[in-house]
Amino acid sequence: NIVQGCPGSGKSSMLLDIIARASKGRMMPDGSRLDKPITSIYQCLEAGKASVTKQMLLNSGADLDAVSFIEGADLTINDTRIQRAVRETSAKILVIDPIQNYLRGNMSSAQRLRMELAPICSFAAETDCAVILVGHFTKKRSAKALYRGMGSVDLSAIVRSMIHVFKVNDHSSLRYIRQIKCNDAMQGEDFAYEIVGLGDVKWIGPCDPEE
């Protein structure tokens, strides 16, 4: 899975709210319920992000015992430390934020991208863990939504689900998500949420951003 958007669009807030809900088995934004609480790993190497992420999880009411972060330098998407953590915690959600920080090669190389993502795809299937990659849009707007993200266009072919996150406008706290691709289920409708505070997300529900 990949979640893409411009920097500051609210990708992390949305994902951390879902992780917080999962950590306690709470109701999901679409009204569905989990059978039981599940554990997650939220991996982010951006400077200062770990402490901010922890505070966001606290503000969202997460069970911090159910969310992990692997410390260490030079982590890659297929690092054995990440794989070991998934197995040891029985994590069912693994977030890699952002994807380019965890790749050794050039994201623009289709061959290299496929080589790096093939093992994590197999690992996800083997462990029944949902791997969610976080990516940014390119500055150049593509005519096709599938190709708006950074890196090779092959990325859109590799992932099973692609979600884009948008601001309603530059001055609004409202956001909406749009599923661009979904191979394994019916494509979801546009869904709106509001960022009320740090780690405080209010889900609004299905929406029509054009209205």
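Located above this text is the structure these notes cover.
Bear in mind that the values here come from a model prediction, so they are computed numbers and not experimental data.

Engineer: I'd like a rundown of the overall build of the chain, residues and numbers included.
Structural biologist: Scanning the chain for helices and strands turns up 5 helices and 9 strands. Start at the N end of the chain and walk to the C end: the helices and strands fall as β-α-β-α-β-α-β-α-β-α-β-β-β-β. What you see for the chain is a C-alpha radius of gyration of 16 Å, in line with the 17 Å of a compact globule of 211 residues. Within the chain, the fraction of its 211 residues that count as buried is 45%. Split by element, the accessible area of the chain, about 11000 Å² in all, is 50% carbon and sulfur. The averaged location of the 24 negative side-chain charges in the chain is 4 Å from the averaged location of its 26 positive side-chain charges.

Engineer: Describe the packing of aromatic side chains, and please don't skip the residues or the numbers.
Structural biologist: Applying the stated rule across the entire model yields 4 aromatic pairs. Judged by centre distance (5.9 Å) and plane angle (45 degrees), the rings of Phe137 and Phe166 are tilted. One end of the pair, Phe137, is in the loop between strand 5 (130–136) and helix 5 (154–158); the other, Phe166, is in strand 6 (residues 161–167), with 29 residues separating them in the sequence. In this pair, the class of Phe137 matches that of Phe166, namely buried. Aromatic side chains Phe166 and Tyr176 sit 5.1 Å apart centroid to centroid with 25 degrees between the ring planes, which places their arrangement in the stacked category. With Phe166 in strand 6 and Tyr176 in strand 7 (residues 174–182), this pair connects stretches of sequence that are 10 residues apart. Of the residues examined, Phe166 reaches a relative accessible area of 17% and is grouped as buried. Note on Tyr176: relative accessible area 12%, which makes it buried. The lysine or arginine in question, Arg148, covers the ring of Phe137, its NZ or CZ lying 4.0 Å from the ring centre.

Engineer: Describe helix 4 (residues 110–127), naming the residues involved and giving the relevant values.
Structural biologist: The end-to-end C-alpha separation of helix 4 is 26 Å, in line with the 26 Å expected for 18 residues at 1.5 Å each. Within the sequence span of helix 4, burial applies to Leu113, Glu116, Leu117, Ile120, Phe123, Ala124 and Thr127. Buried residues along helix 4 sit in contact with helix 3 (80–89), strand 4 (93–97), strand 5 and helix 5. Remark: Asp128 follows helix 4 within two positions and exhibits a positive phi of approximately 55 degrees.

Engineer: Account for unusual backbone geometry, naming residues and giving values.
Structural biologist: Residues apart from glycine generally show negative phi values, whereas peptide bonds are mostly found in trans. The omega angle of the peptide bond from Asp97 to Pro98 is -10 degrees, so this bond is cis rather than trans. The phi dihedral of Ser90 is positive, around 55 degrees, even though this residue is not glycine. Secondary-structure assignment places Ser90 in the loop between helix 3 and strand 4. With a relative accessible area of 47%, Ser90 lands in the partly exposed category. For Asp128, which is not glycine, the phi torsion reads 55 degrees and is therefore positive. Relative to the assigned elements, Asp128 resides in the loop between helix 4 and strand 5.

Engineer: Before we move on, can you summarise the sheet that holds strand 1 (residues 2–5) with the specific residues and values?
Structural biologist: As a general point, the strands of a sheet are linked pairwise by backbone hydrogen bonds and lie either parallel or antiparallel. Sheet architecture is open: 9 strands sit in the order 3-2-4-5-1-6-7-8-9, paired in mixed fashion. Unpaired on one side and paired on the other, strand 3 (67–68) and strand 9 (200–206) mark the two borders of the sheet. Relative to strand 9, strand 8 (residues 191–197) is paired through 6 bridges, and the arrangement is antiparallel. Paired with Tyr193 across the two strands is Trp203, which belongs to strand 9. Where helix 1 (residues 11–24) meets the sheet, it contacts strand 1, strand 2 (40–44), strand 3, strand 4, strand 5, strand 6, strand 7, strand 8 and strand 9, and its direction lies at approximately 90 degrees from that of strand 9. The sheet strands contacting helix 3 are strand 2, strand 3 and strand 4, and the helix crosses strand 2 at an angle near 155 degrees.

Engineer: Tell me about the pattern of salt bridges, residues and numbers included.
Structural biologist: Per the counting criterion, the structure on display carries 6 salt bridges. Ionic pairing is found between Arg81 and Asp79, a salt bridge with its closest N-O pair at 2.9 Å. Owing to a relative accessible area of 27%, Arg81 belongs among the partly exposed residues under this scheme. Between Glu116 and Arg112 there is a salt bridge, with its nearest N and O atoms 3.5 Å apart. Taken together, the positions of Glu116 and Arg112, both in helix 4 and 4 residues apart, correspond to about one turn of that helix.

Rules of the game
- Residues numbered from 1 in each chain as written.
- Predicted model: local features only at pLDDT ≥ 70, side-chain atom pairs only at ≥ 80, totals over all residues.
- Heavy atoms only, no water.
- Helix = DSSP H or I, 4+ residues; strand = E, 2+ residues; numbered from the N terminus.
- Rg over C-alpha atoms; globule rule 2.2 N^0.38 Å.
- Buried < 20%, exposed > 50% of the residue type's maximum accessible area, 1.4 Å probe, protein only.
- Areas by Shrake-Rupley, 256 points an atom, 1.4 Å probe, with all protein chains shown as cover.
- Lys, Arg positive; Asp, Glu negative; His and termini not counted.
- Charge placed at Lys NZ, Arg CZ, Asp CG, Glu CD.
- Phe/Tyr/Trp six-rings, centres within 6.5 Å; stacked < 30°, edge-to-face > 60°.
- Lys NZ or Arg CZ within 6 Å of the ring centre and 35° of its normal.
- Expected span 1.5 Å × (residues − 1).
- Contact = heavy atoms within 4.5 Å.
- Pairing = 2+ DSSP bridges.
- Axes fitted to C-alpha atoms, helices over the stretch in contact; angles between N-to-C directions.
- Salt bridge = Lys/Arg side-chain N within 4 Å of Asp/Glu carboxyl O.

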